[in-house]
Amino acid sequence: MYWTIGNESGTWCMEPAVTPAQHATPDYNGLWNAPSDPGWGFELLDVAGTPNPSVYILMYLPPASPGANPTWAQAFNGTLVNGSVTLPLQQVSNGYCRSCPPPPDQTYSNNGTITLSLNSIVAGQQPSGTASFSISYPGGGNFSRSNIPIQMISVPGGQ
């Protein structure tokens, strides 16, 4: 990946977090958003495991107020059961800028919940479902949606 931010640029090697062979079945792994509600979305990682697959979500959110920076939340350690999962969302409490030295340990704070209800996968169609969440911004404010239609926007199956 090549990137440019202002007068800086660089190259990063990008690899998938897990291989397609490690995806759970059915395979809901990918990038998701709400086509009718731009400005937020998430990556869903559903890794096969014994006895159950493990779900990880990295969610991007609009800024808490105009001119503020967008924010991120994460959720993990859940299992999709019949296409549904409810997970607590967390944010890094001691984040740092890209060019700043990282803190010795990252700390997290709970800031909401997310519930996904994913439809059965149909060959030839993008996976879809609904999302409900409520997230509190540090310093005040809230971002929430209830049963909003979502759709995978990446290629299904990690291909």
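These remarks concern the structure in this document. (Residues numbered from 1 in each chain as written. Predicted model: local features only at pLDDT ≥ 70, side-chain atom pairs only at ≥ 80, totals over all residues. Heavy atoms only, no water.)

So, on to the environment of asparagine 29. One can find asparagine 29 in the loop between strand 2 (8-11) and strand 3 (30-33). Considering only alpha carbons, one finds asparagine 29 and valine 155, 126 residues apart in sequence, at a separation of 9.2 Å. In this view, asparagine 29 contacts His23, Ala24, Leu44, Leu45, Asp46 and Met152; residues no more than four positions away in its chain are not counted. Here histidine 23 takes part through its side chain, which lies 3.5 Å from a polar atom of the side chain of asparagine 29. Looking at asparagine 29, its side chain comes within polar contact range of the main-chain nitrogen of aspartate 46, at 2.6 Å. (Helix = DSSP H or I, 4+ residues; strand = E, 2+ residues; numbered from the N terminus. Contact = heavy atoms within 4.5 Å. Polar contact = N/O pair within 3.5 Å; in protein donor to acceptor, adjacent residues only side chain to side chain.)

Right, let's get into the layout of surface pockets. Here the largest pocket defines a volume of roughly 570 Å³. Looking at the largest pocket, it is lined by 20 residues, and the ones nearest its centre are Pro70, Thr71, Trp72, Gln91 and Gly95. Every element with two or more residues in the lining of the largest pocket is listed here: strand 6 (71-78) and strand 7 (84-92). When residues of the lining of the largest pocket are assigned to their parent elements, the largest contribution, 4 residues, is made by strand 6. (1 Å grid on protein atoms, 1.4 Å probe; cavity = no way out; pocket = protein on both sides within 12 Å on 5 of 7 lines; lining within 4 Å. Points joined across faces, edges and corners; volume = space filled by probe spheres on them.)

Before going further, it helps to examine unusual backbone geometry. Note the cis peptide between threonine 25 and proline 26, where omega equals 0 degrees. Residue placement: proline 26 occurs in the loop between strand 2 and strand 3. Unlike most non-glycine residues, asparagine 77 shows phi in positive territory, near 70 degrees. Within the secondary structure, asparagine 77 sits in strand 6. A positive phi angle, near 50 degrees, is found at asparagine 147, a position not held by glycine. Within the fold, asparagine 147 resides in strand 10 (residues 142-152).

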